[in-house]
Amino acid sequence: DQQVKQNSPSLSVQEGRISILNCDYTNSMFDYFLWYKKYPAEGPTFLISISSIKDKNEDGRFTVFLNKSAKHLSLHIVPSQPGDSAVYFCAAHYLGNEKLTFGTGTRLTIIP
Amino acid sequence: NAGVTQTPKFRILKIGQSMTLQCTQDMNHNYMYWYRQDPGMGLKLIYYSVGAGITDKGEVPNGYNVSRSTTEDFPLRLELAAPSQTSVYFCASREQETQYFGPGTRLLVL
């Protein structure tokens, strides 16, 4: 049972435009969500997170939006840069659970 | 500050061999995790630890063992390697809600 889903395995975006990566979840107990970025041959690195008490969190070019009623979150990258080309994983967590549940990832390619 | 380090980076094993994947963190985090990532898939939790001396199974523990004798180290043991264990293995430690990952060990079992 895939509790965190990233339905787009890949996405290509022109440099300078907005990249929007999507993530859906099924477990209503999740109350904290994270995005990780992964380059080839490296471990995932933490990018940005959001608590369920918020609907938006910004950090520079990265903004995460959370729609609890739709059980959906999205990561916006504006403007997209070539260095943003990577695999992005969405992950979710709930209080009292020691584990993160990961989505399968979306490969983002920024076209110069 | 090295963060989370893993050794080796890459290893080829024959079926039935055993090995230990090493993981060390210097951030004094209590929580540590082992994941595997298969091609096109997300990260699957193998084992985790909430502190020295305490470990617990994740989603896919079969064929693996762990120990946690110190806060810093969390080795993962494969006793009888099988081709199904060909994967990339990531160790992570956690501060509050965020996990920090090592660079990974690529394991090929032939």
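Residues numbered from 1 in each chain as written. Chains lettered and ligands numbered in written order. Predicted model: local features only at pLDDT ≥ 70, side-chain atom pairs only at ≥ 80, totals over all residues. Heavy atoms only, no water.

A. Representation of the overall build of chain A within the structure. Along the backbone of chain A there are zero helices and 11 strands. Moving toward the C terminus, one meets the helices and strands of chain A in the order β-β-β-β-β-β-β-β-β-β-β. Compactness check: chain A gives a C-alpha radius of gyration of 13 Å against a globular reference of 13 Å for 112 residues, within 12% of the reference. Counting the 112 residues in chain A, one finds 46% classified as buried. Sequence-distant contacts, at least 24 apart, represent 54% of the contacts inside chain A between residues at least 6 apart. Approximately 5,400 Å² of chain A is accessible, and the part contributed by carbon and sulfur atoms is 49%. Positive and negative charge centroids in chain A, built from 11 and 10 side chains respectively, lie 3 Å apart. (Helix = DSSP H or I, 4+ residues; strand = E, 2+ residues; numbered from the N terminus. Rg over C-alpha atoms; globule rule 2.2 N^0.38 Å. Buried < 20%, exposed > 50% of the residue type's maximum accessible area, 1.4 Å probe, protein only. Contact = heavy atoms within 4.5 Å. Areas by Shrake-Rupley, 256 points an atom, 1.4 Å probe, with all protein chains shown as cover. Lys, Arg positive; Asp, Glu negative; His and termini not counted. Charge placed at Lys NZ, Arg CZ, Asp CG, Glu CD.)

B. Geometry of the sheet that holds strand β1 (residues 4–7) of chain B. All names here are of chain B. Overall, antiparallel pairing links the four strands, which are arranged β1-β3-β8-β7 in an open sheet. In this open sheet, the two edge strands, each paired with only one partner strand, are β1 and β7 (64–66). Put simply, the sheet's adjacent strands are angled 20 degrees from each other on average, direction ignored. As paired strands, β7 and strand β8 (residues 76–78) are joined by three bridges and run antiparallel to one another. What sits directly across from Asn65, in β8, is Arg77. (Pairing = 2+ DSSP bridges. Axes fitted to C-alpha atoms, helices over the stretch in contact; angles between N-to-C directions.)

C. Local environment of the nonpolar core. The biggest cluster of nonpolar side chains holds 24 residues, and the ones touching the most others in it are A:Phe33, A:Trp35, A:Leu73, A:Leu75 and A:Tyr88. Elements with a minimum of two residues in this core: β3 (19–25), β4 (32–38), β5 (45–51), β7 (62–67), β8 (72–77), β9 (86–93) and β11 (106–111) of chain A. Listed in part, the 19 residues of the second largest apolar core include B:Leu13, B:Ile46, B:Tyr89 and B:Val109. (Core = buried A, V, L, I, M, F, W, Y, C linked by side-chain atoms within 4.5 Å.)

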